[in-house]
Amino acid sequence: MNVDRSLDGLRRLLADSPRPETLGAGPFVLYGAGGKGRECLRLLRTAGLPVAAVVDRRPTGPLDGIPVVGPDDLTTGRLAADGATAIVTIFNPDVDPLE
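Please read these numbers as outputs of a predicted model, since none were measured by experiment.

**Quick look at the pattern of salt bridges**
And then number 1: In the structure shown here, the tally under the stated rule is one salt bridge.
And then number 2: Ionic pairing is found between Glu39 and Lys36, a salt bridge with its closest N-O pair at 2.8 Å. Of this pair, Glu39 and Lys36 are both found in helix 2 (residues 35-46), three residues apart, which corresponds to roughly one turn of the helix. Each member of the pair, Glu39 as well as Lys36, carries the same accessibility label: buried.

This is how it looks when you write it as structure tokens:
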């Protein structure tokens with residue numbers, strides 16, 4: 001997959017949807033705080049969609065004002081229970097491989 005085109009599907013969904021909020025129930029949660037996570041955050045914000053948190057194995061400080069939390073953080077569990085929609089924004093599987 002071309003790095004520059006990895007979020008094209010989300011761009012198309014946001015452009016084609018008459019009401020972007022119908023793309024997910026509740027706020028969005030991004031998994032991955034790298035470059036693709038930041039790009040996805042910008043796309044969602046531009047569309048007026050809420051992002052509640054970014055989940056990353058190596059949490060850091062906030063990302064553009066959005067909290068970055070670890071997968072085991074209580075916030076992650078609460079967001080899942082509340083129906084947040086997750087978007088995986090990891091591009092390089094060598095950085096964060098599946099276990």
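**Looking at the environment of Arg38**
And then number 1: Relative to the helices and strands, Arg38 is located in helix 2.
And then number 2: On the basis of relative accessibility, which here comes to 35%, the residue Arg38 falls in the partly exposed class.
And then number 3: Residues Arg38 and Thr89 lie 51 residues apart in sequence; the distance between their C-alpha atoms is 8.7 Å.
And then number 4: When near neighbours in sequence (up to four residues on either side) are disregarded, Arg38 contacts Ala33 and Leu63.

**A word on the sheet that holds strand 2 (residues 51-55)**
And then number 1: Taken together, the four strands give an open sheet; going across it, the order is 3-2-1-4, and neighbouring strands pair in parallel fashion. Two strands close off the open sheet at either side, each with one partner strand: strand 3 (68-69) and strand 4 (85-88).
And then number 2: In terms of strand pairing, strand 1 (residues 28-31) meets strand 4 through four bridges, oriented parallel. Bridge pairing in strand 4 links Val29 to Ala86.
And then number 3: Each of strand 1, strand 2 and strand 4 is contacted by helix 2, which is oriented at about 165° to strand 1, the strand it contacts most.
And then number 4: Along the sheet, helix 3 (residues 74-81) contacts strand 1, strand 2 and strand 3; its crossing angle with strand 2, the most-contacted strand, is approximately 130°.

**Things to note about unusual backbone geometry**
And then number 1: The backbone of Asp64 sits at a positive phi, close to 50°, despite the residue not being glycine.
And then number 2: Within the secondary structure layout, Asp64 lies in the loop between strand 2 and strand 3.

**Structural notes on the side chain of Glu39**
And then number 1: Residue classification places Glu39 among the buried residues on the basis of a relative accessible area of 17%.
And then number 2: In this view, Glu39 contacts Leu7 and Arg11; residues no more than four positions away in its chain are not counted.

**Considerations on the environment of Gly70**
And then number 1: Locating Gly70 in the fold gives a position in the loop between strand 3 and helix 3.
And then number 2: On the basis of relative accessible area, Gly70 is assigned to the buried category, the value being 13%.
And then number 3: The sequence separation of Gly70 and Pro59 amounts to 11 residues, and the corresponding C-alpha distance is 5.5 Å.
And then number 4: In contact with Gly70, not counting residues within four places along its chain, are Val55, Asp56, Pro59 and Thr76.

Cut-off values and rules
Residues numbered from 1 in each chain as written. Predicted model: local features only at pLDDT ≥ 70, side-chain atom pairs only at ≥ 80, totals over all residues. Heavy atoms only, no water. Salt bridge = Lys/Arg side-chain N within 4 Å of Asp/Glu carboxyl O. Helix = DSSP H or I, 4+ residues; strand = E, 2+ residues; numbered from the N terminus. Buried < 20%, exposed > 50% of the residue type's maximum accessible area, 1.4 Å probe, protein only. Contact = heavy atoms within 4.5 Å. Pairing = 2+ DSSP bridges. Axes fitted to C-alpha atoms, helices over the stretch in contact; angles between N-to-C directions.

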